[in-house]
Amino acid sequence: MKNITILGSTGSIGTQTLDVIRNYPKDFNIIALAAGTNVRLMAEQIREFHPEIAVMKDEEHAEALRNELGESILEEVRIIYGISGCIEAATAADTELVVAAMVGMIGLRPVTEAIRHNKDIALANKETLVCAGHIIMKLCREHGVRLLPVDSEHSAVFQCLHDVPGGPFENGVPVGHGDAGPVETIFLTASGGPFRHFSYDDLKNVSVDEALAHPNWSMGHKITIDSATMINKGLEIIEAMWLFDVPVEKIKVLIQPKSIIHSMVGFCDGAVLAQLGTPDMRVPIQYALMYPDRRLLDDKRLDFDTLSEITFEKPNTDVLRGIPIAIESVKTGGSMTTVMNAANEFAVEKFLQKRLPFLQIYGMIEYAMEQHTVIKDPTLDDISEVERWTYELLNARMSEVYL
């Protein structure tokens, strides 16, 4: 039985992780759950999975959770809150695997501390590597921690790397063996989101509801907007660069509208391996939880008798500028990726609040990047300070331009 902590248990990845665990109750034991503000759902999860620790965003929601639960349950679970609570959950003595499913940079310090405590990580929080890949990968190597990708695209690449000599792990870290290694190209596929054929003029007045109408995947609001802007694919490029030890020049994005091919790896001998499947996040989640085993997942299968074609397109990076913005940030390096990521989080939040036009998500990111003086090798404290600086800068920008 594997002991697990889930950071972000009430979100899209967290609830699907619990779906997988629900199917194999004898294989997993929940040590800790951490959530944001969804008290009702957290209470339901506690009653079903009986964790030792439950974490909420702040003291107010922790107290609300205590009030929601009966006295008998409160004798079994310790309810704490905040970043310190998330770190305590991630480093709990009995935990073997931490599912990092929190959205945004809030997941960085709990993941870092979990690695320092020799916990394996099932990583769905791409911001952790985007902002601190240089720190995270070094720590994984030092502690021999396995970093198991949960994103469907990175899980697909990871599965394709099993034929790489010495792979897919080296000192706990999945690798492509750098610039001179056998991996020639990593092809990250994307559905293209709801706006892949839109012009610049078409995007000027798109609504929040239109941007949340993803054609294939059911995801949380933030990642769905990131998919619509293609920022999500830009973040995935940076994540893949760190995860698989390849330069950004070896990573290419292809639009695969039906989300059947989840990603591919091209090797130096001309062979290309692809991982295919239905668009169901439980597949990569289960693979990460049970690696290296494959177990039954009773769900819809690809029907090749009715699958007439698989098509590809080039991403429309002139209009949906998320990919080139992300590539610019990683080529600049240092703290610029943190600015790009923090500015995107800020702008997406304002768009979802209907306070910022869709296209100005890009504008806010580019403005913050233009104003930033890069720190070449940022520490965790530097990253936190750069995030604070970015939010402060953009709050002032909002006051000047949009209020």
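Please refer to the structure placed before this passage.
Residues numbered from 1 in each chain as written. Predicted model: local features only at pLDDT ≥ 70, side-chain atom pairs only at ≥ 80, totals over all residues. Heavy atoms only, no water.

> When you look at the side chain of Glu236 in this model, what are you seeing that I'm missing?
Tracing the backbone through its elements, the reader meets Glu236 in helix H12 (residues 231-243). Apart from residues lying up to four places away in sequence, Glu236 is in contact with Lys126, Asp151, Glu153, His154 and Leu188. (Helix = DSSP H or I, 4+ residues; strand = E, 2+ residues; numbered from the N terminus. Contact = heavy atoms within 4.5 Å.)

> Any chance you could explain the layout of surface pockets here in plain terms?
One way to see where empty space is left: roll a probe the size of a water molecule over the atoms. Estimates place the volume of the second largest pocket at around 410 Å³. For the second largest pocket, the lining is made up of 21 residues, of which Gln275, Val283, Arg294, Leu297 and Arg301 are closest to its centre. Elements that contribute at least two residues to the lining of the second largest pocket include exactly strand E13 (272-276) and helix H13 (282-290). It is H13 that provides the largest number of residues to the lining of the second largest pocket, a total of 4 residues. Split by residue class, the lining of the second largest pocket holds 8 nonpolar, 6 polar and 7 charged. (1 Å grid on protein atoms, 1.4 Å probe; cavity = no way out; pocket = protein on both sides within 12 Å on 5 of 7 lines; lining within 4 Å. Points joined across faces, edges and corners; volume = space filled by probe spheres on them. Nonpolar A, V, L, I, M, F, W, Y, C, P; charged D, E, K, R; others polar.)

> Just to check I follow, could you spell out empty space enclosed by the protein for this structure?
Enumeration over the complete set of coordinates arrives at 1 cavity of 30 Å³ or more. For the largest cavity, the calculated volume is near 40 Å³. For the lining of the largest cavity, the secondary structure elements donating two or more residues are helix H8 (152-160) and H13. For the lining of the largest cavity, the element with the most residues is H8, which contributes 4 residues. Considering only residue class, the lining of the largest cavity consists of 3 nonpolar, 5 polar and no charged.

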